[in-house]
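# Notes for the structure review
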Amino acid sequence: MMGVGVMVLGKSGSGKSMSLRNFDPKDVGLFNVVGKPLPFKGGNTWQQVRRPKYADIERTLTANNLNAYVIDDSTYMMQFDNFRRALDTGYTKFTEMAVSFERLLETAMLNTNDNTIVYFMHHPDIDDNGGWKPKTIGKMLDEKLCIEGMFPVVIECVVRDGAHLFVTTNEGVDVAKCPPDALPAQMDNDLALVDQKLREFWGMKKIGDNSAKKKED
């Protein structure tokens, strides 16, 4: 039993949340970390957990009642944790914050079943040379883990000529990747279409097919 993690990496305004627009809300478990309204018509009809804690997400993922979950925006899990502990002294807090996020990654991929995809919407850290990597807190996750290495698919959100796009192929200074022939190198920022194509590629159940789970219950 092992689910798939997909990272969707993009700056604010690049279309991460907007990419959810074509999902059927009943098929997706949404963790709205900041709690802001979804930026598309019908977004207010989505059932979602606003301002979740790590334990809330881990408990829901482990129950695994759906085939798709979205953590939007997973960067803020670390950022909010950091601000809550801003007055704590010593390096131990950074270690504990890194461990909390690493456990979330493990839960998403190891505690979910083979038909589950967990999407991590995340902000990038961009260096002076234009290189992208996932934004983190402290050095432990960067130096000891390499977050993007845990994901078989990393999609980057870009805006080109006014169009919001997904890029799935490394262009030399970034971390975009996906298995050959799984996704186009560049496509519309439609996460429902990404979900469909990945399920076809890996032979996973369709997003709304929870028949196996229902039989178990």
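The structure this text deals with has already been given above.
So, here's what we can say about the structure. (Residues numbered from 1 in each chain as written. Predicted model: local features only at pLDDT ≥ 70, side-chain atom pairs only at ≥ 80, totals over all residues. Heavy atoms only, no water.)

When the charged atoms of two side chains with opposite charge come close together, those side chains can pair. According to the stated counting rule, one finds 9 salt bridges in the structure shown. Linking Lys 16 and Asp 73 is a salt bridge whose minimum nitrogen-to-oxygen distance equals 3.9 Å. Within this pair, whereas Lys 16 is found in the loop between strand E1 (4-9) and strand E2 (29-32), its partner Asp 73 is found in the loop between strand E4 (68-72) and helix H2 (75-84), the two being separated by 57 residues in sequence. Here Asp 73 falls in the buried class, since its relative accessible area comes to 4%. (Salt bridge = Lys/Arg side-chain N within 4 Å of Asp/Glu carboxyl O. Helix = DSSP H or I, 4+ residues; strand = E, 2+ residues; numbered from the N terminus. Buried < 20%, exposed > 50% of the residue type's maximum accessible area, 1.4 Å probe, protein only.)

On to the pairing of E4. Across the 5 residues that make up E4, a large majority, 5, are buried. Burial of the side chains of E4 extends over both faces: Ala 68, Val 70 and Asp 72 are buried on one face and Tyr 69 and Ile 71 on the other. When E2 meets E4, the two strands line up parallel, connected through 4 bridges. Across the sheet, the residue bridging to Leu 30 is Val 70, located in E4. (Pairing = 2+ DSSP bridges.)

On to the side chain of Thr 75. Relative to the assigned elements, Thr 75 resides in helix H2. For Thr 75, the residues in contact, after removing those within four places along its chain, are Met 121, His 122, His 123 and Lys 135. (Contact = heavy atoms within 4.5 Å.)

So, on to the packing of aromatic side chains. Under the counting rule described, the total for this entry stands at 8 aromatic pairs. For the ring pair Phe 31 and Tyr 69, a centre distance of 6.3 Å and an interplane angle of 25° mean the geometry is stacked. One end of the pair, Phe 31, is in strand E2; the other, Tyr 69, is in strand E4, with 38 residues separating them in the sequence. Arranged with centres 5.9 Å apart and planes meeting at 40°, the rings of Tyr 91 and Phe 94 form a pair that is tilted. Three or more aromatic residues joined by ring pairs form one cluster here, namely Phe 101, Phe 120 and Phe 151. The ring of Phe 80 has Arg 51 sitting right over it, with the charged end atom 4.2 Å from the ring centre. (Phe/Tyr/Trp six-rings, centres within 6.5 Å; stacked < 30°, edge-to-face > 60°. Lys NZ or Arg CZ within 6 Å of the ring centre and 35° of its normal.)

Turning next to helix H1 (residues 54-63). Counting along an α-helix, one turn takes 3.6 residues, and residues three or four places apart therefore face a common direction. When H1 is considered as a whole, its buried residues turn out to be Tyr 54, Ile 57 and Leu 61. Summarising the axial view, the buried residues of H1 lie within an arc of 70°, below the 170-degree limit, and thus occupy one face. Looking at the buried residues of H1, the elements they touch are E2, E4, H2, helix H3 (92-110) and strand E5 (117-122). Two residues or fewer past H1, Asn 64 is found with a positive phi of approximately 55°. (Arc of directions from axis to C-beta.)

Spatial relationships are all this shows, so hold off on functional conclusions.
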